[in-house]
Amino acid sequence: MEVFKKTNGLTDAPFHYCPGCTHGIIHRLVAEVLEELGVLDRSIAIASVGCSVFSYNYFNCDAIQAAHGRAPAVATGAKRSMPDNIVFTYQGDGDLAAIGTAETVHAAARNENITVIFVNNAIYGMTGGQMAPTSLPNQVTQTSPYGRDVTLVGYPIKVSEMLSQVEGATYIERVAVDNVKNIKNAKKAIKKAFQNQIDKKGFSLIEVLSTCPTNWGKSPKDSLLWLEENMKKNYPLGVFKDRTKGDE
Amino acid sequence: MAKVTFREERCKGCGLCEIACPKKIVVIAKDRINQKGYHPAIITDQDACIGCAFCATSCPDLVITVEK
Amino acid sequence: MSEKVLMKGNEALAEAAIMAGCKHYFGYPITPQTEVAAYMAKKMPKVGGVFLQAESEVSAINMVIGVAATGKRAMTSSSSPGISLKSEGISYLAGCELPALIVNVQRGGPGLGGIQPSQSDYYQATKGGGHGDYKLIVLAPNSVQEMVDLTFKGFDLAEKYRMPAMLLCDGTMGQMMEPVLLNQGEIKTYDKSWATTGTGNHEGRNVVNSLSLNPEELEVWNHRRYDRYKIAQENDVMYEEYLMDDAEICIVAFGIASRVSKNAINQARAKGIKVGMIRPITLWPFPEKVLKKASEKCKAFISVELNMGQMIDDVRLAIECSKPVYLCNRTGGMIMSPEEVLASIIKANGGNE
């Protein structure tokens, strides 16, 4: 008996991600959930801009490639057009928390019945490691070579905390994929976010703390440690909003 | 008895499986490289495998299949 | 509805869009097109459609992309500054080969400009606006009836060629009230097997995408699109000729400028000046052939426009600069009087009245 095999929720195209980048794990969790919930054949993935731009090659369902930051707006159109389909966005922190802030906040405010998978690795990966809206104070990046100076460029945006204040949003949780236990919890959260959509409960966003070994300048193993020691301090894990409580 | 197999050609040698393995039997083979040019992950003692699938769960590249 | 009803241009186009099968409209308030959004807000819920006021023009056009990708008719409308914001999404629509209708009820620019009628987005509409190699079908109505007719036409051509279409109006057209016939009969349907409706609804996976990091592939995509543009240029040029049979002077004007010009032409004819007009209805594809033909017998052309002279470039190109082309223009939201056009006609006639 196979206890672990590749999900049918992914195509067999090899990921283009760097060695040790946890995007691959998050892709797999989303894909497994789509397969397990039996919604793969009615799912529409909205790919964003950044490292995950090619996610339309990997999710084994229909897909639309959106402009930078616009995935929640594209998802809104697709979902309003096809309310019985499962529509989700897969976005990084640059895409969602900088250029796409308005689209994200307003999709949440409308309680748009979509699922947002938000991958936070505190850096712009695809363009080579620039400061992201989520980069940590003092974090060295290509565009903060002396460390993020909060007096000059401000503080990181805590997306889950921010969206927990948006009245319309249904479900907001932050998870991480730095160890097996957390990966399993992340999958549970992602499953809940999709189940919410199936149950027509509205906007769910799962923020997933992820690594970027290449642009962090660390080995894959050290990246996991850096996530544990630094990311989680700034971005504590947990459920930030749950309007489905009491529904069960 | 559990069995772990690797799609070696897809492995990028990141070693996340190595960290995850509770039995310390999944390791990166430093003595050779795969088609991509990475040191691939291998299992050193198949018999000692407990089939927990932690390695596969941690793998970002869908390299590993676990059977029991 | 087979009899004429009196309607305001903006509302007539909104009703026409719904009748053309558009059940998804995304808007954002901006003068002078807000009536379109207001009409849609009232009407869409009654016909089981979707009206959504987006958080920005940028979001509105991306919502249109989302609907268009699923193979349904979608529309957004705005006015000049808002169209600048939508230009990113329009480029994506073109790159993704998606049909959609964008309405621009133009106002004076640049910048925030003014709110009075203008045609100063001619370049933006016909030469790009967004980035990359692409074209839009650009339709220029000059009556409320044409606001209706060209809304139907816009959706049809957009689907026929899998490209976005733009209705390029001005504030006058939007605000004007005229009797219109709304019913346009049967709506033609086109193949939508490319739509992202879920793999359960079609063979294989459908991906709507404009990205290719492989330059050979991207070049092929661009050529494939331009091959379709060529067919549109061959088959779907629309224009109206007015008193061109014996014309020695040819006015080229669209939208409200063509109505003013018609008045001036009648005055000039009364003076015995042989002047006529070619009115492009499709600004892209531009009626090049008919203009070229007219240049064989006309001695001069006058481009009448509500801008600093934009379409005049296309007139010169169409006639290969073989005859003088005069510009009669007002800008900033001002409209020329028939007398101003008449003065240009007399000038083009060598000063002879």
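Keep in mind that this is a model prediction, so the values were computed, not measured.

Student: Whenever I open this one, the interface of chain A and chain B confuses me. Can you help?
Tutor: Of the residues lining the interface, 27 residues belong to chain A; the matching set on chain B comes to 26 residues. Between chain A and chain B lies a buried interface of about 2100 Å² when both sides are counted; carbon and sulfur atoms form 63% of it. Connecting chain A to chain B are three salt bridges. In this structure, the salt-bridge partner of B:Arg7 is A:Asp12, at a minimum N-O distance of 3.0 Å. Of all the elements in the fold, those that place two or more residues in the side of chain A that touches chain B are β1 (2–4), α1 (23–36), α8 (180–198) and α10 (220–234) of chain A. Taken together, the residues of the side of chain A that touches chain B break down into 16 nonpolar, four polar and seven charged. Bridge count between β1(A) and strand β4 (residues 64–67) of chain B: two bridges; the pairing is antiparallel. Paired with A:Glu2 across the strands is B:Glu67, a residue of β4(B).

Student: Hey, could you run me through the pairing of strand β6 (residues 171–176) of chain A in this one?
Tutor: The side chains of a regular strand alternate, residue by residue, between the two faces of the sheet. Residue and element names in this part refer to chain A. Across the six residues of β6, six count as buried, placing the element largely inside the fold. Here β6 pairs with strand β7 (residues 204–209) via six bridges, running parallel. Bridge pairing in β7 places glutamate 173 opposite isoleucine 206. Between the parallel pair β6 and β7, the chain is carried across by α8, and the sense of this crossover is right-handed.

Student: Could you clarify how one ought to interpret helix α5 (residues 101–109) of chain A in this entry?
Tutor: Regarding α5(A), the residues found buried are A:Glu103, A:Thr104, A:Ala107 and A:Ala108. Projected onto a plane normal to the axis of α5(A), the buried residues spread over an arc of 125 degrees and lie on a single side. On its buried face, α5(A) is in contact with α3 (71–81), α4 (93–99), α7 (159–164) and β7 of chain A together with α3 (57–69) of chain C. Count one or two residues on from α5(A) and you reach A:Asn111, which has phi positive near 50 degrees.

Student: Looking at this model, I keep getting lost on the pairing of strand β4 (residues 74–78) of chain C. Mind explaining?
Tutor: Residue and element names in this part refer to chain C. Of all five residues making up β4, five are buried, and the element is well covered by its neighbours. Residues of β4 alternate between two faces, with Ala74, Thr76 and Ser78 on one and Met75 and Ser77 on the opposite face, all of them buried. Of the strand pairs in this sheet, strand β2 (residues 24–27) and β4 are connected by four bridges, and their pairing is parallel. In the strand pairing of β4, tyrosine 25 is matched with methionine 75. As paired elements, β4 and strand β5 (residues 100–106) share four bridges and run parallel to each other. Pairing of serine 77 across the sheet is with valine 103, part of β5. After leaving β4, the chain enters helix α4 (residues 80–95) and then returns to the sheet as β5, a path that is right-handed.

Student: It is not clear to me how unusual backbone geometry should be interpreted in this structure. Could you clarify?
Tutor: It is generally the case that most residues other than glycine have a negative phi and that most peptide bonds are trans. A cis geometry characterises the amide bond from C:Thr31 onward to C:Pro32, with omega recorded as 5 degrees. In this fold, C:Pro32 is placed in the loop between β2 and α2 (34–43). With an omega dihedral of -5 degrees, the bond running from C:Trp284 to C:Pro285 counts as a cis peptide bond. Relative to the elements of secondary structure, C:Pro285 occurs in the loop between β13 (282–284) and α10 (288–294). Phi at A:Ala122 is positive, roughly 60 degrees, even though this residue is not glycine. Within the secondary structure, A:Ala122 is located in the loop between β5 (115–120) and α6 (150–153). Residue class for A:Ala122 comes out buried when judged on its relative accessible area of 0%. Phi is positive for C:Cys321, close to 55 degrees, though the residue is something other than glycine.

Student: Would you take a moment to explain the arrangement of the chains for this structure?
Tutor: Counting contacts across all two pairs of chains that touch, the top pair turns out to be chains A and C. Kept free of each other, chain B and chain C leave a smallest C-alpha distance of 21 Å between them.

Rules of the game
Residues numbered from 1 in each chain as written. Chains lettered and ligands numbered in written order. Predicted model: local features only at pLDDT ≥ 70, side-chain atom pairs only at ≥ 80, totals over all residues. Heavy atoms only, no water. Contact = heavy atoms within 4.5 Å. Buried area = accessible area lost by both parts, 1.4 Å probe. Salt bridge = Lys/Arg side-chain N within 4 Å of Asp/Glu carboxyl O. Helix = DSSP H or I, 4+ residues; strand = E, 2+ residues; numbered from the N terminus. Nonpolar A, V, L, I, M, F, W, Y, C, P; charged D, E, K, R; others polar. Pairing = 2+ DSSP bridges. Buried < 20%, exposed > 50% of the residue type's maximum accessible area, 1.4 Å probe, protein only. Right-handed = clockwise from strand over helix to strand, strands pointing away. Arc of directions from axis to C-beta.

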